[in-house]
Amino acid sequence: MPAFPQAAKQELANSQLRHNLANATSTIRHKRAEVVGELDDWAQLREAGAAIKSHTLSNLDTYLERFEEAVTAAGGTVHWARDAAEANRIVVDLVRATGEREVVKVKSMATQEIELNEALQDAGIDAWETDLAELIVQLGHDTPSHILVPAIHRNRAEIREIFQQEMGKVGTPAPADLTDEPARLAEAARRHLREKFLRAKVAVSGANFAVAETGSLVVVESEGNGRMCLTLPETLISVVGIEKLVPRWQDLEVFLQLLPRSSTGERMNPYTSTWTGVTPGDGPQSFHVVLLDNGRTNALADEIGRQALRCIRCSACLNVCPVYERTGGHAYGSVYPGPIGAVLTPQLRGTTSEVDKALPYASSLCGACYDVCPVAINIPDLLVHLRTRVVEEHRGWQSKPMDALMSMASWVLGDSRRLAAAQKVASLSRRVIGRKGTIGRLPPPLSRWTDARDAPAPAEETFRTWWERNRGSDSR
Ligand code: SF4
């Protein structure tokens with residue numbers, strides 16, 4: 001996977017993708033603005049959401065233990081996973097213990113983060129995504145590109161084609177006369193998924209929230225497929241990031257207002273499922289929660305960075321981001337794309353790889369993401385903080401030319417005569433480096449600037465020369 005600047009260039013050339021994204025994000029953006037505008041106390045709700053999450057994160061050890069006690073008391077089992085490998089091993093062993101060879105899945109970015117489907121496949125277990133958008137991604141042998149609408153980069157005609165070509169290979173085929181009407185596509189997905197829901201004995205889910213007080217998990221969704229996964233199978237395994245905790249049941253009052261309005265632009269989401277342990281004769285009789293760290297405690301240790309763990313994955317920041325809207329989610333090289341991905345992923349994975357250290361730069365720092373975030377994560381601040389970290393961590397021989405350049409810039413800017421001379425040289429340089437009106441590729445280390453930007457060429461005439469020519473040297 002190339003780093004963001006190269007990947008973005010590739011994606012920008014895809015006009016179909018840009019068209020699909022512009023359509024989808026502008027629709028959700030406007031819906032969100034309308035329903036948020038209806039609430040007089042939105043600012044207070046946002047403050048309450050941020051405060052509850054910050055409080056939980058500051059006392060996470062206490063609330064995690066409380067959650068484990070409550071789950072155990074209700075007949076469930078809690079497993080602790082330090083990283084992706086450990087989490088995958090736990091889930092694979094749990095599925096193997098049931099003797100089953102397939103699972104149905106719903107609502108779990110955490111399982112995408114740890115690449116659970118691949119681990120299950122290696123163990124000879126089929127995993128079927130049941131969220132409609134995730135089903136499209138899976139059948140299309142694709143990867144998600146949006147937190148809430150993983151197939152946002154596909155239009156209806158593409159989805160129809162995927163359904164017709166792929167459904168029959170893994171189950172009930174799409175009807176031969178399938179059109180690209182949303183109702184017909186949804187019907188084809190329903191028929192395809194139904195046999196899987198009715199057959200599967202094991203389900204794997206994520207959770208939007210985990211309530212420490214009661215040991216309950218909460219899934220918020222639009223289609224009802226999640227509810228089928230959570231109620232029909234005999235065994236339910238939920239993979240949940242440790243940051244999903246909220247202390248009390250009552251806290252859901254705040255988040256169940258913030259989340260649907262911020263994500264789908266609805267006043268209330270159609271399905272909210274909550275479950276606590278096991279109930280004899282009702283729902284899954286074996287229930288496991290895998291509490292996933294996978295870099296989260298590293299983020300927690302960073303006093304500024306930890307606010308990214310407040311995220312409730314609403315995707316509002318993606319839908320307003322001018323960078324995301326043009327490049328789409330694949331360019332970020334992470335399960336979490338857009339502004340939140342740019343600050344969360346480098347904290348979870350570290351900043352050693354080319355992909356991860358480029359992420360904090362995948363932003364114009366316009367601040368739109370901060371304005372819409374329902375838990376007030378100051379993403380622009382975090383981006384700057386992480387950029388500093390990347391620079392500090394990678395300070396080596398490569399940064400020496402840049403440091404020398406900055407010292408020279410400081411020397412030039414420190415004296416008006418030096419600045420005037422430099423401006424004249426820059427104007428003359430236009431004939432060499434900026435004949436087309438923009439600066440092309442400069443040699444290293446300046447290429448680090450020009451490779452990612454279309455910079456305008458210096459003006460043919462400096463402002464000082466223009467002023468002297470038009471107003472005379474004594475009119476200052
Ligand atoms: S950072 Fe804020 S706006 Fe973005 S997905 Fe998370 S909660 Fe939503």
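Residues numbered from 1 in each chain as written. Predicted model: local features only at pLDDT ≥ 70, side-chain atom pairs only at ≥ 80, totals over all residues. Heavy atoms only, no water.

Turning our attention to the overall build of the chain. Summing up its helical and strand segments, the chain has 23 helices and 12 strands in all. Each principal axis of the C-alpha atoms in the chain carries an extent, and together these give about 95 × 55 × 50 Å. Relative to its 476 residues, the chain shows a buried fraction of 50%. Sequence-distant contacts in the chain: of pairs separated by 6 or more residues, those separated by 24 or more amount to 73%. Surface exposure of the chain reaches about 22,700 Å², of which carbon and sulfur atoms provide 52%. Between the mean site of the 55 positive side-chain charges and the mean site of the 59 negative ones, the chain shows a separation of 8 Å. (Helix = DSSP H or I, 4+ residues; strand = E, 2+ residues; numbered from the N terminus. Buried < 20%, exposed > 50% of the residue type's maximum accessible area, 1.4 Å probe, protein only. Contact = heavy atoms within 4.5 Å. Areas by Shrake-Rupley, 256 points an atom, 1.4 Å probe, with all protein chains shown as cover. Lys, Arg positive; Asp, Glu negative; His and termini not counted. Charge placed at Lys NZ, Arg CZ, Asp CG, Glu CD.)

A few words on the site of the ligand. Around the ligand sit 13 residues, and of these Cys311, Cys314, Ser315, Cys317 and Cys373 come closest. According to the grid-proximity analysis, the pocket containing the ligand is the largest cavity. Here the residues of the shell around the ligand are counted per class, giving 11 nonpolar, one polar and one charged. (Near = heavy atom within 4 Å. 1 Å grid on protein atoms, 1.4 Å probe; cavity = no way out; pocket = protein on both sides within 12 Å on 5 of 7 lines; lining within 4 Å. Sits in = over half its atoms within 2 Å of the grid points. Nonpolar A, V, L, I, M, F, W, Y, C, P; charged D, E, K, R; others polar.)

Taking 1.5 Å per residue as the helical rise, helix H9 (residues 156–170) with its 15 residues ought to reach 21 Å, and the 21 Å between its terminal C-alpha atoms agrees with that figure. In the structure, H9 departs most strongly from a straight axis at Phe163, where the bend amounts to approximately 30°. Buried residues of H9: Ile159, Ile162, Phe163, Glu166 and Met167, and no others. Buried residues belonging to H9 abut helix H8 (132–139) and helix H10 (182–199). (Expected span 1.5 Å × (residues − 1). Bend = angle between axes of the 7 residues up to and from the residue.)

A word on the sheet that holds strand S3 (residues 126–129). The sheet built from six strands is open, its strands ordered S1-S10-S7-S4-S2-S3 with parallel pairing. Strands with a single pairing partner mark the edges of an open sheet, and in this sheet they are strand S1 (77–81) and S3. The mean inter-strand angle of the sheet, taken between neighbouring strand axes irrespective of direction, is 25°. Judged from the four bridges that link them, strand S2 (residues 102–106) and S3 form a sheet pairing that is parallel. Its bridge partner being in S3, Glu102 is matched across the sheet by Asp126. (Pairing = 2+ DSSP bridges. Axes fitted to C-alpha atoms, helices over the stretch in contact; angles between N-to-C directions.)

With that settled, the discussion passes to the packing of aromatic side chains. A full pass over the atoms with the stated rule returns six aromatic pairs. Geometrically, the ring pair formed by Phe4 and Tyr332 is tilted, given 4.9 Å between the ring centres and 55° between the ring planes. Note that Phe4 is positioned in helix H1 (residues 4–12) and Tyr332 in the loop between helix H15 (322–327) and helix H16 (338–349), a separation of 328 residues in sequence. An identical accessibility class is assigned to Phe4 and Tyr332; each is buried. Ring centres 5.9 Å apart and planes at 15° place the aromatic pair Phe463 and Trp466 in the stacked group. (Phe/Tyr/Trp six-rings, centres within 6.5 Å; stacked < 30°, edge-to-face > 60°.)

Taken as a whole and judged by the stated rule, the model has two cavities of 30 Å³ or more. Of the pockets and cavities examined, the largest cavity occupies roughly 100 Å³. Surrounding the largest cavity, 14 residues form its lining, Cys311, Cys314, Cys317, Ile340 and Cys373 being those nearest its centre. For the lining of the largest cavity, a count of residues per class yields 12 nonpolar, one polar and one charged. (Points joined across faces, edges and corners; volume = space filled by probe spheres on them.)

On to the nonpolar core. Counting residues in each nonpolar core, the largest one holds 102 residues, and the members touching the most others are Phe67, Phe163, Phe209, Leu217 and Ile340. Among the elements that make up this core, the one with the highest residue count is helix H12 (residues 252–263) (six residues). Apart from residues no more than four positions distant in its own chain, Phe67 is found in contact with Ala210, Val211, Ala212, Gly215, Ser216, Leu217, Leu245, Val289 and Leu291. (Core = buried A, V, L, I, M, F, W, Y, C linked by side-chain atoms within 4.5 Å.)

The next point concerns the sheet that holds strand S5 (residues 209–211). On the basis of which strands lie adjacent, the open sheet formed by four strands has the order S8-S5-S6-S9 and mixed pairing. Strands at the two margins of the open sheet, each flanked by one partner only, are strand S8 (245–246) and strand S9 (271–276). Pairing between strand S6 (residues 216–221) and S9: six bridges, direction antiparallel. Bridging across to S9, Val219 finds its partner in Ser273. Across the sheet, H12 touches S5, S6, S8 and S9, and the angle it forms with S5 is around 170°.

To continue, consider the pattern of salt bridges. Taken as a whole, this structure holds 22 salt bridges when the rule is applied. Between Arg154 and Asp142 there is a salt bridge whose closest N-O contact spans 3.2 Å. Of the two residues, Arg154 sits in the loop between H8 and H9 while Asp142 sits in the loop between H8 and H9, which places them 12 residues apart along the sequence. For Arg154, a relative accessible area of 24% corresponds to the partly exposed category. Here Glu243 makes a salt bridge to Arg296, at a shortest N to O gap of 2.7 Å. Of this pair, Glu243 sits in the loop between strand S7 (235–241) and S8 while Arg296 sits in helix H13 (residues 296–301), and the two are 53 residues apart along the sequence. A single salt-bridge network, built from bridges that share partners, covers Glu113, Glu243, Arg296 and Arg313. (Salt bridge = Lys/Arg side-chain N within 4 Å of Asp/Glu carboxyl O.)

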